[in-house]
Amino acid sequence: MSWGTELWDQFDNLEKHTQWGIDVLEKYIKFVKERTEIELSYAKQLRNLSKKYQPKKNSKEEEEYRYTSTRAFLATLNEMNDYAGQHEVISENMTSLITAELTRYVQELKQERKSHFHDGRKAQQHIETCWKQLEASKRRFERDCKEADRAQQYFEKMDADINVTKADVEKARQQAQLRHQMAEDSKAEYSSTLQKFNSEQHEHYYTHIPNIFQKIQEMEERRIVRIGESMKTFAEVDRQVIPIIGKCLDEITKAAESVDHKNDSQMVIEAFKSGFEPPGDVDFEDFTQPMKRTVSESSLSNSRGDGKSEPKFSSKSKGKLWPFIKKNKLMSLLTSPHQPPPPPPASASPSAVPNGPQSPKQQKEPLSHRFNEFMTSKPKIHCFRSLKRGLSLKLGAGPEDFSNLPPEQRRKKLQQKVDELNRDIQKEMDSRDALTKMKDVYIKNPQMGDAASVDHRLAELGQNIEKLRLEVQKFEGWLAEVEGRLPARTEQPRRQSGVYEAQNPSGVNSCAQDRESPDGSYTEEQSQETEMKVPATDFDDEFDDEEPLPTIGTCKALYTFEGQNEGTISVAEGEMLYVIEEDKGDGWTRIRRNEDEEGYVPTSYVEVYLDKNAKDVHKPLQKISE
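Residues numbered from 1 in each chain as written. Predicted model: local features only at pLDDT ≥ 70, side-chain atom pairs only at ≥ 80, totals over all residues. Heavy atoms only, no water.

Asker: Just give me the short version of the overall build of the protein, but keep the residues and values in it.
Answerer: The secondary structure content of the protein amounts to 14 helices and 5 strands. Among the 626 residues that make up the protein, the fraction classed as buried is 36%. For the protein, long-range pairs separated by at least 24 residues make up 74% of all intrachain contacts whose partners lie at least 6 apart in sequence. As displayed, the protein offers around 38300 Å² of accessible surface, 51% of which is attributable to carbon and sulfur atoms. (Helix = DSSP H or I, 4+ residues; strand = E, 2+ residues; numbered from the N terminus. Buried < 20%, exposed > 50% of the residue type's maximum accessible area, 1.4 Å probe, protein only. Contact = heavy atoms within 4.5 Å. Areas by Shrake-Rupley, 256 points an atom, 1.4 Å probe, with all protein chains shown as cover.)

Here it is, written out as structure tokens:
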């Protein structure tokens, strides 16, 4: 089976067929290319999907991934990322093994096809030229024969005419002989041309064309084999990644099987356990007795009566009711919204900001009015420290000892802090050891470096380690305090006022801890503030617990600030003051002028000099003019 013998006369059809074969190959290349684009797009979408649902770093969402179900979901996301990578591998392999190879092959195929058909056209042109020569020789022979016949007939006619001279007859005879000779020459030439054409034609149809068509056939067969191999590679590329994709799916299945509902339930307990005991029974209040109607400390809601009412406390602890109290009226009256501090002024001595932002503290008039009411009764004074902590929590600045949290959660936070500080200490000690070894090397080999150059860094590391150890001791003390209190929290302690207990033997005053929720806020709305006189000695004893905050450094006012909002303090440009609380990230720094004047100023308005050995809190600083 050969195209040269079977299709010797189908040159044009073969040309069209081979062009169609190249078009098919290019169409397949385009198909594979689009498949690779789909694989890349699919892989990209899978990666974006996995990234979209990955937990954000340093966020609450990241903490939720400690449960087995969420960890399994995270493992699924990671495996989907690997799954997407395998589709990228498919795309890369198809591009390199199929698309690139076939594209190069198509270019070679087009060149080869062009060469073969150029040879075929050249052979056809040659045979056509030979045919034209044969036709020209044939026509010339035919013309010469006809001319010879006419010359012979003219001679015979002149020879038979008696009126024609002998010279004319001889001339006609010579002309006839010349024409006969020309006819013989044309015949010989025609015969030679015919033989040559027949030879060329035989060689054309039995040698040249079969060879050219055989090469075209081989070229076409190679194209067919190549496209078949590419289709096989197309399947193999997919098959090669199936084991890895299977491993990804196996890992997803393994992660799903690792989900432990019991473990997750236990982790919920550890995360939210407060350590408080459930509230006790509510006492019966007998209103048949001839006594003033008051608000019960153990009830969940407050009743309002006409006129002033005097407090009446039950024997049960009111603080145990905090999980059921939703509204905090006292805090809503005392707190103001926390707004960002004003930017520093453009000029050196700006004018006061008339409508400056509210500070992170309370409104002045309501606060002093409420504090005056607190100071009129012993129970209110008991809760002053808790009120202060509750106010700070409302403003977003939690206490350093995590006292705003329930006992169990506080213990966990303190333990985490201790562990974190210990890790920091270990890092600093490792750095110090490395620098010590480096210093020893420098001492032994002075040409390698100056040993004194690391002394400053070693001193810094020593100071850092000492500071961290002090921090660890501080948090370990709080942790020991919490761990010591946890077992004893089955019964809430009840502190009583001797004067009030003597006046009301049937009622017991609740303590500050019992009247306080874990976030430091009050748990009950007071229908009316009670007024009750107490001895001055009791009042002084309660405030003795409130020690002034220690100074942690000094600051210099860069600009004049008019503290018109409650919680702020006015400062003049160039004034030196004490720093008692650093900026917590809200843009405010707490300062003190003397033991009676303290407040917040914008951090950008002062230049802070932190000093571990700051001056005494009661010694005033003098204004320094620049």
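Moving on from the model shown.
Asker: Report on the pattern of salt bridges, specifying residues and quantitative values.
Answerer: Per the counting criterion, the structure on display carries 24 salt bridges. Between K439 and D455 there is a salt bridge, with its nearest N and O atoms 2.7 Å apart. Taken together, the residues K439 in helix 11 (residues 407-444) and D455 in helix 12 (residues 455-485) connect sequence positions 16 residues apart. Classification of D455 by relative accessible area gives partly exposed; the value is 33%. (Salt bridge = Lys/Arg side-chain N within 4 Å of Asp/Glu carboxyl O.)

Asker: Tell me what's going on with the nonpolar core, and back it up with residues and numbers.
Answerer: Considering soluble globular proteins, one finds that nonpolar side chains tend to be buried as a cluster. One finds L25, Y28, M94, I98, F213 and I216 to be the most contacted residues of the largest nonpolar core, which totals 30 residues. Contributing elements (two or more residues each) for this core: helix 2 (11-52), helix 4 (68-160) and helix 5 (166-257). The residues contacting I216, other than those within four sequence positions of it, are W3, T18, H116 and F117. By size, the runner-up hydrophobic cluster in this structure holds 14 residues, among which are C555, L577, Y605 and V606. (Core = buried A, V, L, I, M, F, W, Y, C linked by side-chain atoms within 4.5 Å.)

Asker: I'd love a proper account of the sheet that holds strand 1 (residues 553-557), names of residues and values included.
Answerer: Strand-to-strand pairing in sheets goes through backbone hydrogen bonds, with the strands running parallel or antiparallel. Read across the open sheet, the 5 strands follow the order 4-3-2-1-5; overall the sheet is antiparallel. Here the strands that pair on one side only, and so sit at the sheet edges, are strand 4 (597-602) and strand 5 (606-610). Ignoring strand direction, the axes of neighbouring strands in this sheet form an average angle of 40°. One ladder, built from 5 bridges, connects strand 1 with strand 5; its direction is antiparallel. Paired with K556 across the strands is E607, a residue of strand 5. (Pairing = 2+ DSSP bridges. Axes fitted to C-alpha atoms, helices over the stretch in contact; angles between N-to-C directions.)

Asker: Break down the pairing of strand 2 (residues 576-581) for me, citing the residues and quoting the values.
Answerer: Summarising burial for strand 2: 6 of the 6 residues are buried, a large majority. Where strand 1 lies against strand 2, 4 bridges are found, and the strand directions are antiparallel. By the bridge assignment, C555 is partnered in strand 2 with L577. As defined by bridge partners, strand 2 adjoins strand 3 (residues 588-594) across 3 bridges and the pair is classed as antiparallel. Paired with E581 across the strands is R590, a residue of strand 3. In this structure, the hairpin formed by strand 2 and strand 3 is closed by a connection of 6 residues, where G585 is found at a positive phi of approximately 105°.

Asker: Account for helix 11, naming residues and giving values.
Answerer: With 38 residues, helix 11 should cover 56 Å at 1.5 Å per step; its first-to-last C-alpha distance of 55 Å lies within 8% of that length. Within the sequence span of helix 11, burial applies to P407, E408, Q409, R410, L414, V418, L421, I425, L435 and Y442. (Expected span 1.5 Å × (residues − 1).)

Asker: Run through helix 5, naming residues and quoting values.
Answerer: Every α-helical turn comprises 3.6 residues, leaving residues that sit three or four positions apart pointing alike. When the terminal C-alpha atoms of helix 5 are compared, their 133 Å separation across 92 residues agrees well with the 136 Å that a helix rising 1.5 Å per residue should span. Maximum bend of helix 5: about 45°, positioned at H204. (Bend = angle between axes of the 7 residues up to and from the residue.)

Asker: Which residues make up the packing of aromatic side chains, and what values go with them?
Answerer: Counted under the stated rule, the structure contains 11 aromatic pairs. Taken together, a centroid distance of 5.2 Å and an interplanar angle of 50° make the contact between W131 and F197 tilted. Residue W131 is found in helix 4, and its partner F197 is found in helix 5; the two are separated by 66 residues along the sequence. Given a relative accessible area of 42%, W131 falls into the partly exposed group. By relative accessible area, which is 5% here, F197 ends up buried. Put simply, the rings of F11, F117 and F213 pair up and form one aromatic cluster. Over the ring of Y105 we find R226, and its NZ or CZ is 4.7 Å from the ring centre. (Phe/Tyr/Trp six-rings, centres within 6.5 Å; stacked < 30°, edge-to-face > 60°. Lys NZ or Arg CZ within 6 Å of the ring centre and 35° of its normal.)

Asker: Describe a nonpolar patch on the surface, with residues and values.
Answerer: A cluster of nonpolar residues, L49, Y53 and F73, forms a patch on the protein surface that exposes about 280 Å² of accessible area. Relative to the assigned elements, Y53 resides in the loop between helix 2 and helix 3 (60-63). Y53 gets classed as partly exposed once you look at its relative accessible area, which sits at 39%. (Patch = residues over 30% accessible without salt bridge, like charges linked within 9 Å, V, L, I, M, F, W, Y side chains within 5 Å.)

Asker: Quick one: what's the story with the environment of Y154, residue by residue and with numbers?
Answerer: Here Y154 is to be found in helix 4. In the structure, Y154 is positioned 21 residues away from Q175 in sequence and 9.2 Å away in space, judged by C-alpha atoms.

Asker: Go over the pairing of strand 4 with me, naming the residues and quoting the values.
Answerer: Two elements, strand 3 and strand 4, share 6 bridges in a ladder whose sense is antiparallel. In the strand pairing of strand 4, N594 is matched with E597. The hairpin formed by strand 3 and strand 4 contains 2 residues between the paired strands.

Asker: How would you summarise the confidence of the model for the protein if you had to cite specific residues and measurements?
Answerer: The share of residues in the protein with pLDDT of 70 or more is 69%, and the mean pLDDT across the chain is 75. Low confidence marks residues 292-338, where pLDDT is under 50. Its contacts with residues over four positions away, or in another chain, come to 125 contacts. (pLDDT = per-residue confidence, 0-100.)

Asker: Any chance you could break down the packing of helix 2 against helix 5 for me, citing the residues and the numbers?
Answerer: Contact geometry for helix 2 and helix 5: axes closest at 11 Å, N-to-C directions at 15°. Put simply, helix 2 runs roughly parallel to helix 5. Judged by the sense of rotation from one axis to the other, the crossing of helix 2 with helix 5 is left-handed. Considering only residue class, the contact of helix 2 with helix 5 consists of 15 nonpolar, 4 polar and 4 charged. (Parallel < 35°, antiparallel > 145°, perpendicular 65-115°, else oblique. Left-handed = near helix turned anticlockwise from the far one by under 90°. Nonpolar A, V, L, I, M, F, W, Y, C, P; charged D, E, K, R; others polar.)

Asker: Any chance you could break down the side chain of H116 for me, citing the residues and the numbers?
Answerer: Here H116 shows up in helix 4. Aside from chain neighbours lying at most four places away, what touches H116 is I212, K215, I216 and M219.

Asker: Hey, could you go over the environment of Q217 for me, with residue numbers and the actual values?
Answerer: Its location among the elements puts Q217 in helix 5. With relative accessibility at 4%, the residue Q217 sits in the buried group. Residues in contact with Q217, not counting those within four places in the same chain, are M1, S2 and W3.

Asker: Go over the side chain of S137, please, and point to the residues and values.
Answerer: The residue S137 is located in helix 4 in this model. A relative accessible area of 2% means that S137 is categorised as buried. A distance of 3.0 Å separates a polar side-chain atom of S137 from the backbone nitrogen of Y190. Beyond its immediate chain neighbours, meaning those up to four positions away, S137 contacts S186, E189, Y190 and T193. (Polar contact = N/O pair within 3.5 Å; in protein donor to acceptor, adjacent residues only side chain to side chain.)

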